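What the coordinates show
Each chain, letter by letter, is given below.
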Amino acid sequence: MMPVMRPAVAMMPVMRPAVAMMPVMRPAVAMMPVMRPAVAMMPVMRPAVAGCGRSHTRASLPPQTNPLNPRGHRPAMTGRERYNVPPPAAPPVSGGSTYRGRPTPAPVRTPQQQQKEEQPDSGGCTHASEQMGVLCPTGCELKTVILKQEKNIKGTILELRRDVTDLSRSSNNIYRYVDSLSSQVRERQRLTDDNGNVVGEYTGDLEQQHAFIKDTIDTSFPSNIRILQQVLESVRGKIQKIESAILAQREKCNKRCTVSYPIPVVSGKECEDIYRKGGVASEMYLIQPDSFFKPYKVYCDMTTLDGGWTLIQNRQDGSVDFGRRWDDYRSGFGNIASADTKGFGKIPGEYWLGNDRISQLTKIGPTEILYEMTDWSGARVQARYQQFTVQGENTNYQLAVAGYSGTAGDTLLTGARELVGENRTMTIHNGMMFSTYDRDNDNWLPGDPSKQCSKEDGGGWWYNRCHSSNPNGRYYWGGAYTKQMAKHGTDDGIVWMNWKGSWYSLKTISMKIRPFFAS
């Protein structure tokens, strides 16, 4: 029967290709792990999606950096320190060794064994004698081989299924992520469109404003500049006229004022003496109370209350500043008189005769004083004191008065009627010393430069703390004035409180003295 089996053996080469194809599936199974990197690469694809459509391969992705940025080197700070290169290391040790080479061991010979020839697992069964080869496969043997291969393939297929599931899950995540990115892109595109619309609106408004400004600059500004240039030229002309007038006045002021009208020949110790000598016209005269002193000019009132009055103070138009220093009040200042239409000095001017002269006149003998006042409506009042004396400079021209009569109200002896108690006492002028802004002799914290009546009330006077009358104050046109109009917020006008109160400045006031005698 052996010859009968040989033809089957001869058919093995024909069957081997069919059986040999089973191992061909192993490379296909072995290639399944190749797909795993595709699944492992899914996290790598996320940065590519987050990059707004940019695609990068693994080679083009930037290297991952540690957020703490660790490093072994310490870079030198520019401009502050320098890096010093270390010196080169010494060369390694060279030369002959103290040992010789080791002896080589003899090779060991081993008997050669005949290698067993392995037969390919082609699905058949081996012969009892190995030299006889492989028998032809049967159905049971093929089933056994196939079941053996199925066990290996099943595990690989399960792994492949898991990988496919992971890949599907990752694909779904990527799809949702890409979809959300697309939504964000659409929202940003909408915002960009809205911003573009707003920018377009503002651009239109800006263009309108630019056109308006350009039109204003091109048309309105030049016309306004021309108008301002004309106004400037007009102002320059007026300034030149004022400068010319100032220069003319300065030239006149450089020359001492001279009387261009005649002075009466009659003179005396004071105006009462001149009146008794026949000088009955009210005008400027020369008087000489003491023969040791030079005569000086005064204005004599020869008509009021039987005449003989020497005018020592006069305010009528604010032409003279009464905010003067101590020396000015001591020697006197202002204009004694001005000429009338016929050239005679019969119009009194604004002036203060001088404390030295007033003191000299009042110490000749008993002297009375007459205050005459006029408000801005034309009403007139008087205040008369039968006794009036001013001491010398050694007592700071201390004042003494007595014997009031008149219609204006007594302020020198009794103070302001609208005040009571100590406040009213502070406004009495009798017994006070004369004060100016540079010589503080009042009763308001003596020695304190910030508490000076004369500095706040605008002139020199016999201030207490401070006044009920202020004939030498600031001249206000119109009468009534306010704290806001006053320089220091005080009643610094020409004030007679017992007639018009603190906030009414009189239009005119005059002080006249003459020797007291029984009428």
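Not measured: the values here are computed from a predicted model.

On to the overall build of the chain. Of regular secondary structure, the chain possesses 11 helices and 13 strands. Across the 519 residues in the chain, those meeting the buried criterion constitute 29%. The contacts of the chain with a sequence gap of at least 6 include a subset with a gap of at least 24, amounting to 56%. Counting every atom, the chain has about 35400 Å² of accessible surface; 57% of that belongs to carbon and sulfur.

Membership of the largest hydrophobic core comes to 53 residues, with the highest contact counts inside it found for Trp 352, Tyr 371 and Met 373. With sequence-adjacent residues up to four places away left out, Tyr 371 is seen in contact with Val 381, Gln 382, Ala 383, Tyr 385, Leu 412, Trp 461, Trp 496, Ser 510 and Met 511. Listed in part, the six residues of the second largest apolar core include Ala 416, Tyr 481, Ala 486 and Val 495.

Glancing now at the confidence of the model for the chain. Of the residues in the chain, 71% have a pLDDT of 70 or more, and the chain-wide mean is 78. Segment residues 1-76: pLDDT under 50, and 43 contacts once partners within four positions in sequence are set aside and those in other chains are kept. In the predicted structure, residues 119-124 sits below a pLDDT of 50 and forms 14 contacts with residues beyond four places in sequence or in another chain.

This next bit is on the environment of Lys 346. Take Lys 346: it is sitting in the loop between β5 (337-338) and β6 (347-348). Taking the relative accessible area as the measure of exposure, Lys 346 reaches 36% and is therefore partly exposed. Separated by 65 residues in the primary sequence, Lys 346 and Ala 281 place their C-alpha atoms 8.3 Å from one another. Contacts of Lys 346, omitting those with residues within four sequence positions, involve Ser 282, Glu 283, Tyr 299, Ser 338 and Asp 340.

Time to look at helix α8 (residues 355-362). Buried within α8 are the following residues: Asn 355, Ile 358, Ser 359, Leu 361 and Thr 362. Angularly, the buried residues of α8 cover 165° about the axis, an arc narrow enough to put them on a single face.

Our focus in this paragraph is the side chain of Asp 375. Among the secondary structure elements, Asp 375 is positioned in the loop between β8 (367-374) and β9 (380-390). Among the residues examined, Asp 375 registers a relative accessible area of 2% and is labelled buried. Within polar-contact distance, the side chain of Asp 375 engages the backbone nitrogen of Ala 379 at 2.8 Å. The residues contacting Asp 375, other than those within four sequence positions of it, are Trp 499, Lys 500, Tyr 504 and Lys 507.

Another aspect to go through is the side chain of His 467. Following the sequence through the fold, His 467 ends up in the loop between α10 (453-457) and β11 (469-470). For His 467, a relative accessible area of 6% puts it in the buried group. Separated by 3.3 Å, the side chains of His 467 and Asp 491 make a polar contact. With residues near it in sequence (within four places) discarded, His 467 still touches Thr 427, His 429, Asp 457, Asp 491, Val 495 and Met 497.

Next up on the list: the state of the cysteines. Considering all chains together, one arrives at two disulfides under this definition. Across the disulfide, Cys 271 is cross-linked to Cys 300 (sulfur-sulfur distance 1.8 Å). Between Cys 271 and Cys 300, the S-S torsion sits near -70°, and that sign places the bridge as left-handed. Within this pair, whereas Cys 271 is found in helix α6 (residues 271-276), its partner Cys 300 is found in strand β2 (residues 296-301), the two being separated by 29 residues in sequence.

Another aspect to go through is the pattern of salt bridges. Under the counting rule described, the total for this entry stands at 16 salt bridges. Between Asp 218 and Lys 214 there is a salt bridge; the shortest N-O distance is 3.1 Å. Within this pair, Asp 218 and its partner Lys 214 are both found in helix α5 (residues 139-254), separated by four residues, close to a single helical turn. Judged by its relative accessible area of 46%, Asp 218 falls in the partly exposed class. Judged by relative accessible area, which is 48%, Lys 214 ranks as partly exposed. Arg 276 is the salt-bridge partner of Glu 272, the closest N and O atoms lying 2.6 Å from each other. Here the residue Glu 272 and the residue Arg 276 both occupy positions in helix α6, the gap between them amounting to four residues, near one helical turn. Note on Arg 276: relative accessible area 58%, which makes it exposed. What emerges from the salt-bridge pattern is a single network uniting Glu 187, Arg 190 and Asp 194.

The rules behind these values
- Residues numbered from 1 in each chain as written.
- Predicted model: local features only at pLDDT ≥ 70, side-chain atom pairs only at ≥ 80, totals over all residues.
- Heavy atoms only, no water.
- Helix = DSSP H or I, 4+ residues; strand = E, 2+ residues; numbered from the N terminus.
- Buried < 20%, exposed > 50% of the residue type's maximum accessible area, 1.4 Å probe, protein only.
- Contact = heavy atoms within 4.5 Å.
- Areas by Shrake-Rupley, 256 points an atom, 1.4 Å probe, with all protein chains shown as cover.
- Core = buried A, V, L, I, M, F, W, Y, C linked by side-chain atoms within 4.5 Å.
- pLDDT = per-residue confidence, 0-100.
- Arc of directions from axis to C-beta.
- Polar contact = N/O pair within 3.5 Å; in protein donor to acceptor, adjacent residues only side chain to side chain.
- Disulfide = S-S within 2.5 Å.
- Salt bridge = Lys/Arg side-chain N within 4 Å of Asp/Glu carboxyl O.

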